[in-house]
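# Breakdown of the fold
Next come the chains, spelled out residue by residue.
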Amino acid sequence: MNTPVVKVVNLKKVYGKKNEKMYMALKKIDFEMQQGEFVGIMGASGSGKTTLLNMLSTFDSPTSGSVKIAGDEVSSLKGDQLADFRAQKIGFIFQDFNLIESLTAAENIALPLSLQSVTANEIDKKVAEVAQILGISELLKNYPYELSGGQKQRVACARALVHDPAILFGDEPTGALDSKSARELLSLLTEINEKHRTSILMVTHDPFSASFCNRILFIKDGYISRQLLKDKKQTRGVFYQEILDILGTFEQ
Amino acid sequence: MLRKLAVGGLKNRWKDYLILLSGLIISSAIFYLFETLATNSRFLQANGEVVSFTGYIFNFGSILLMLITFVYLNYANNFLLNMRKHDYGLFMMLGAKKKKIGQLVWVETILIGILSTIIGIALGILASSFVPRLLTKLLGITPKYYEPFWGKAILWTALLYLGLFLLGAILNTIVMVRKPALKLLKSEQTVSKSFMPWYLQLLQALVGILLLVAGYWVISNANVLKQSTIPASLITLTLGSYFLFNASIIVIIDFLRKSRLAKKKIEYFYVGAAKI
Ligand SMILES: Nc1ncnc2c1ncn2[C@@H]1O[C@H](COP(=O)(O)OP(=O)(O)OP(=O)(O)O)[C@@H](O)[C@H]1O
Ligand SMILES: [Mg+2]
């Protein structure tokens, strides 16, 4: 069997330094994600979704427990190794895009490669490829302020994919988009997931966004309280209804 | 690409950098002016006792200015750092190595240093060209051998200010490289808050006004200080204006930002500066 793309064992995260007030954001998280899955993480505000995602994407370190991404134990990575790992294995889409305003779309997309000193030829090729997939080939010369929110997020998505990461993370990637742009982005993500077998892990509190995933993990009180698998034959509409039902039971 | 990132950072936020630059430009211009007076020994010796005494006073003024600039640069630098934290955090998250981040910080800081020093010296030369006329008017002499374009002054000003920026670059690099990426990405990007605490601004305003008042008093009561009237008034007036400027800089920039016309002018200024 293949190594899972994400394997989390006994993960715990406590915020607050020694003398400060402590807050246990994650108590005990265990889960696996296989290559090619499209997983959603849902939960109420403050339930620890961002906390979990930040630790999976190497942006923050766990208090205890193990996180393996594509077989590598993340907490053992330091300095340049960590930088290389981020540049090669991790793709991340932020809610607020985080594009550099002074760079064109093409240069923004190229950032992970430029920062790793990849040759210009190689960069141009990769950027053109990924722009094609995301349907933004026409926008490459534009600056971020010339783009709509949806276009910006597609550029950001291209930047997260340009280096062929082992996994694509997103923290509420549709959170700042109108419903039409959100739907477009989600369809693109689905297409990328199906055609290119890219593993995607996305945090969202929006049931509509979540209905595009194959599997959903619900976080509550620092644990994964339950998960929901989408049946192959199930339409998205039916899955959406099922998500709503589960969220309904959570409310009580 | 490295250059583009560094220059892009500057270009993108030039309005904010203007706060940082203007204080340093004015300080280096004043420093240059003082140095043209203090380091030109031929001029100091050829124009009688009053002028030769001036040399000492301006040496003293230069040192004072140096200390103030050191404190000012400390804040300016901090502010520069805060402005760029977000982008550097993002670069780290995208896989930039510490060495790369270090290079970027370095290039940016030094670029700003060179830019503001050059403009400062140019402004200083301009200001110095009025010195002979001033001396004639105040002392009734036609000063001999005074050079507004004075090599020694250029050298000292460049050395001091580039040296200070070099120090800043080293400190910035250390700070950036040590902080975790997520912290950097999330740090506040507001300008005015992180620039200078209000009590320092108030202090500068008070000292500035005090110095200006003292300067005018010295001029209007020339019989009290006699031969030191000219240097004393020049120093109190320039330093006083500088302090007042530093204190009101945030207000000035906010005003500039809001004014459309000024915005256009500054844009030209920036474009011109970028060509240097
Ligand atoms: N750096 C931090 N220091 C201290 N506490 C934190 C920190 N970051 C998050 N927390 C706390 O941890 C808990 C989980 O936060 P987290 O951001 O992971 O929630 P979330 O599920 O992403 O919420 P939202 O849906 O609002 O984004 C919250 O109670 C929050 O206050
Ligand atoms: Mg969150």
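Check the entry above for the structure.
This text gives an overview of the structure that appears in the document. Every chain's residues receive numbers from 1 upward, in the order its sequence appears when written. The naming scheme follows written order: chains are lettered A onward, ligands numbered 1 onward. Confidence filtering applies because this is a predicted model: local features only for residues at pLDDT of at least 70, side-chain atom pairs given and counted only at 80 or more, and all residues used for totals across whole chains, interfaces and linings. Note that the side-chain values use all heavy atoms of the structure and ignore hydrogens as well as water.

The subject of this paragraph is the overall build of chain B. Each helix and strand in chain B was counted, giving 13 helices and 0 strands. Ordering the α and β elements of chain B from the N terminus gives α-α-α-α-α-α-α-α-α-α-α-α-α. By definition in these notes, contact holds between two residues if any of their heavy atoms fall within 4.5 Å. When contacts within chain B are restricted to residue pairs at least 6 apart in sequence, long-range pairs at least 24 apart make up 85% of them. About 13700 Å² of surface is accessible on chain B, with carbon and sulfur atoms providing 70% of the total. The way it works is that DSSP assigns letters per residue, a run of H or I at least four long becomes a helix, a run of E at least two long becomes a strand, and they are numbered from the N terminus. Residue-level accessible areas treat just the shown protein chains as cover; the underlying method is Shrake-Rupley with a 1.4 Å probe.

As a further point, take the interface of chain A and chain B. Taken together, the contacts link 23 residues of chain A with 21 residues of chain B. Accessible area, probed at 1.4 Å, shrinks when two parts are joined; the buried area is that loss added up over both. Buried surface at the junction of chain A and chain B, summed over both partners, amounts to about 2000 Å²; 65% is from carbon and sulfur atoms. Ranking the residues of chain A by area buried against chain B places A:Phe59, A:Ile100 and A:Leu115 at the top, with a combined share of 27%. Counted as salt bridges are all cases of a side-chain nitrogen of Lys or Arg within 4 Å of a carboxyl oxygen of Asp or Glu. Scanning the region where chain A abuts chain B turns up 1 salt bridge.

The subject of this paragraph is the packing of helix α3 (residues 105-114) of chain A against helix α4 (residues 120-134) of chain A. All names here are of chain A. Packing of α3 against α4 leaves a shortest axis separation of 10 Å and a crossing angle of 125°. Comparing their axes, α4 and α3 come out oblique. Crossing hand, α3 versus α4: right-handed. Here Ala-106, Ile-109, Ala-110, Leu-113 and Ser-114 of α3 lie close against α4, whose contacting residues are Ile-123, Lys-126, Val-127 and Val-130. For the contact of α3 with α4, the per-class residue count stands at 7 nonpolar, 1 polar and 1 charged. Interaxial angles span 0 to 180 degrees and are taken between N-to-C directions of axes, which are lines fitted to C-alpha atoms, for helices over the stretch in contact. Angle categories are assigned with fixed cut-offs, so that under 35 degrees is roughly parallel, over 145 is roughly antiparallel, 65 to 115 is roughly perpendicular, and the rest are oblique. It is the rotation of the near helix from the far one that decides the hand of a crossing: anticlockwise by less than a right angle makes it left-handed, clockwise makes it right-handed. When residues are sorted by character, Ala, Val, Leu, Ile, Met, Phe, Trp, Tyr, Cys and Pro go into the nonpolar class, Asp, Glu, Lys and Arg into the charged class, and all the rest, Gly among them, into the polar class.

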